[in-house]
Amino acid sequence: MQSIFVDRATDVAHALRLAQQPGARFIGGGTNLLDLMKGDVEQPARLVDITRMGLDRIETLPGGGLRVGALVRNSDLADHDLVRQLYPMLAQALLAGASAQLRNMATTGGNLLQRTRCPYFTDVAFEHCNKRVPGSGCAAQRGVNRMHAVLGASDACIAVHPSDMCVALAALEATVVVASASGERRVAMADFHRLPGAAPQFDTTLAPTELITAVELPPSAYGAHSHYLKLRDRASYAFALVSVAAGLEMDGATVRSARLALGGVAHKPWRVAAAEAVLAGQPVSAERSRQAAQLLLAGARGFDGNRFKIELAQRAVVRAISRAAAGTAQAGGNGTLTGERA
Ligand SMILES: Cc1cc2nc3c(=O)[nH]c(=O)nc-3n(C[C@H](O)[C@H](O)[C@H](O)COP(=O)(O)OP(=O)(O)OC[C@H]3O[C@@H](n4cnc5c(N)ncnc54)[C@H](O)[C@@H]3O)c2cc1C
Ligand code: SF4
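Along each chain, the written sequence defines residue order, and numbers are assigned to residues from 1. For naming, the first written chain is A and the first written ligand is 1, with later ones following in the order written. Per-residue local features are limited, in this predicted model, to residues with pLDDT of at least 70; the limit for side-chain atom pairs, both in listing and counting, is 80 or more; totals at the level of whole chains, interfaces and linings are taken over all residues. For the side-chain quantities, the full set of heavy atoms in the structure was used; hydrogens and water were omitted.

Looking at an unreviewed UniProt entry, one finds the chain named Xanthine dehydrogenase family protein subunit M, with Duganella dendranthematis as its source organism.

A word on the side chain of Gln114
Mapped onto the elements, Gln114 comes out in the loop between α7 (108–112) and α8 (119–122). Here's how the labels work: a residue is buried when its accessible area is under 20% of the maximum for its type, exposed when over 50%, partly exposed in between, all with a 1.4 Å probe on protein chains only. Residue Gln114 is classed as buried on the basis of its relative accessible area of 12%. Definition of a polar contact: a pair of N or O atoms within 3.5 Å, with one able to donate and the other able to accept a hydrogen when the atoms are protein atoms, and with sequence-neighbouring residues admitted only if both atoms are side-chain atoms. Reaching out from Gln114, the side chain makes a polar contact with the side chain of Asn111 at a distance of 2.9 Å. In this structure, Gln114 is in contact with Asn32, His161, Pro162, Ser163 and Phe239, ignoring residues within four places of it in sequence. Secondary structure follows DSSP: runs of H or I at least 4 residues long count as helices, runs of E at least 2 residues long count as strands, and numbering of each begins at the N terminus. Contacts were defined at the residue level, with two residues in contact if any of their heavy atoms lie within 4.5 Å.

Observations concerning the layout of surface pockets
Rolling a probe over the atoms, with the probe sized like a water molecule, indicates the empty space that remains. Using a grid of 1 Å spacing that covers the protein atoms alone, one calls a set of points a cavity when a 1.4 Å probe fits there but cannot get out, and a pocket when the set is open and has protein on both sides within 12 Å along at least five of seven lines; lining residues are those with an atom within 4 Å of a point. Grid points are joined across faces, edges and corners, and a volume is the space filled by probe spheres set on the points. Considering only enclosed or pocket space, the second largest pocket measures out at about 240 Å³ in volume. For the second largest pocket, the lining is made up of 17 residues, of which Arg117, Met147, Ala238, Phe239 and Ala240 are closest to its centre. Of the residues belonging to the lining of the second largest pocket, the class tally is 10 nonpolar, four polar and three charged. Gly is placed with the polar residues, together with every amino acid not listed as nonpolar (Ala, Val, Leu, Ile, Met, Phe, Trp, Tyr, Cys and Pro) or charged (Asp, Glu, Lys and Arg).

Some remarks on the site of ligand 1
Inspection of the region around ligand 1 gives 34 residues, with Arg25, Phe26, Thr31, Thr107 and Asp164 positioned closest. The separation between a nitrogen atom of ligand 1 and a polar side-chain atom of Gln114 is 3.4 Å. At 2.9 Å from a nitrogen atom of ligand 1 is found a main-chain nitrogen or oxygen belonging to Ile212. Protein contacts shield 94% of the accessible area of ligand 1, which totals 980 Å² for the unbound molecule. Taken together, the elements giving at least two residues each to the shell around ligand 1 come down to β2 (24–27), α2 (33–38), α7 and β8 (211–217). Across the shell around ligand 1, the residue classes break down as 15 nonpolar, 13 polar and six charged. Being near a molecule or strand, for a residue, means having at least one of its heavy atoms within 4 Å of it. With residues, only the protein chains shown are counted as cover, and all accessible areas are computed by Shrake-Rupley using a 1.4 Å probe.

Some words on the packing of aromatic side chains
For Phe, Tyr and Trp, where Trp contributes only its six-membered ring, two rings pair if their centres lie within 6.5 Å, and the inter-plane angle classes them as stacked under 30 degrees, edge-to-face over 60, or tilted in between. Scanning the entire structure with this criterion turns up one aromatic pair. Here Tyr120 and Phe126 contribute two aromatic rings whose centre-to-centre distance is 4.8 Å and whose plane-to-plane angle is 70°, an arrangement assigned as edge-to-face.

As for the pairing of strand β9 (residues 226–231)
When you tally the buried positions in β9, you get six out of six residues, the bulk of the element. Neither face of β9 is left uncovered, since the one carrying Ser226, Tyr228 and Lys230 and the one carrying His227, Leu229 and Leu231 both have all their residues buried. In this scheme, strands are said to pair when DSSP sees at least two bridges between them. As paired strands, β9 and strand β10 (residues 242–251) are joined by six bridges and run antiparallel to one another. Residue pairing in the sheet places Leu229 in a bridge with Val244 of β10.

Details of the site of ligand 2
As a structural note, the neighbourhood of ligand 2 is formed by 15 residues, with Cys118, Cys129, Cys138, Cys157 and Ile158 the closest of them. Of the residues assigned to the shell around ligand 2, the class counts are 11 nonpolar, three polar and one charged.

Overview of the nonpolar core
We define a nonpolar core as any set of buried Ala, Val, Leu, Ile, Met, Phe, Trp, Tyr and Cys residues linked to one another through side-chain atoms lying within 4.5 Å. Residues Ile50, Leu77, Leu90, Leu112, Leu169 and Leu217 are the most contacted members of the largest nonpolar core, which totals 52 residues. Considering every element that reaches this core, the biggest residue donor is helix α9 (residues 165–171), with seven residues. Each residue touching Leu90, except ones within four places of it in the same chain, is listed here: Leu77, Val83, Met165, Ala168, Leu169, Leu172 and Leu217.

Comments concerning the pairing of β2
Bridge count for β2 against strand β3 (residues 46–49) is four bridges, and the pairing is parallel. Directly across from Ile27, in β3, lies its bridge partner Asp49. Orient the strands so they point away from the viewer, and a crossover whose first-strand-to-second-strand path over the helix runs clockwise is right-handed. Taken together, β2, α2 and β3 form a β-α-β motif whose crossover is right-handed.

Topic: the pattern of salt bridges
In a structure, side chains of opposite charge can pair up when their charged atoms sit close to one another. A carboxyl oxygen of Asp or Glu within 4 Å of a side-chain nitrogen of Lys or Arg is what we treat as a salt bridge. For the structure shown, the criterion picks out 22 salt bridges. Between Lys38 and Asp35 there is a salt bridge; the shortest N-O distance is 3.8 Å. Of this pair, Lys38 and Asp35 both sit in helix α2, separated by three residues, roughly a single helical turn. Of the residues examined, Lys38 reaches a relative accessible area of 66% and is grouped as exposed. The partly exposed category is assigned to Asp35, whose relative accessible area is 40%. Among the charged side chains, a salt-bridge network with shared partners connects Arg25, Glu42, Arg115, Lys131 and Asp203.

Quick look at the structure:
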């Protein structure tokens, strides 16, 4: 049995010092990292527990917007009054993910960094996975690829990023706040996750010793007309085949601006500026929504097991826009949301 050392960080500077030790990894809720350790996919020598550093607060920002500490639990974020009022697509996305027990443990920072659910990655019995063993090949391309990417994939990897929360954060144009020994930097959601290219072992642009301290949400004009639609094999406790975060800023019956992000289709949440632009300046219509869907899926390429996702995603986009136009479904008193979840 392998021994694991656990250090408990007391503040950010302490966490960054502890992370310099060879083989050290931060641990938040542990719902992803511990699973991967049990399966020998990840083998850190030391864990740095960052859950007691006071990064579990949600605060309003001076110019509007919210700062969400990296250790805020997914359930607390989904249940926060201001999130439900101003960023309902984020609350919906969080509640569509995992289970209540997992959401009570999972943190904002950990959710951003959760790894793909590709079965060839999560099971070390499979030899050919470029993400786990660079240069070993990609078994998914000729294997089981129902859940895999139809956009932005490479010859090296066709995995998707599995997070629901990140799809809403992409549509909301959140910023990830990162601390390192050389100071603080801020990364736009669009630049945080990366496409696999020739180096699929890297999911994000974060360096291994960098710590996510917060996620900042800018003021949002999309609270009244937004929707998160998740399509999956089971009605709960399943990752997205396809998901859509849709937000509309309305001026009467006219769309002033739109935000659309797709999940379950690529190595990162997927946005296309032209798809959002085609909705602006006119009322919502089925024709414009279909155009937006086509623009979002432009260049999509399926594999034997997942070609169906291209049309599914297009239909989901049209439906999510129509739901957003009808007005945001409100959060119910028990923390669940009325309206469609699957
Ligand atoms: C059965 C099951 C079903 C699930 N279903 C869904 C689903 O439908 N939708 C969905 O979106 N998710 C789902 N999840 C995934 C779940 O949301 C993630 O496991 C969770 O969000 C990870 O958060 P965590 O705090 O537990 O991360 P951890 O496991 O603690 O960490 C994950 C990674 O992030 C790193 N890390 C953590 N915090 C920081 C930080 N602040 N700075 C730098 N690095 C950090 C760790 O080193 C590790 O590499 C599911 C998980 C399970 C087990
Ligand atoms: S899709 Fe990516 S994660 Fe899955 S087997 Fe291929 S290289 Fe590995």
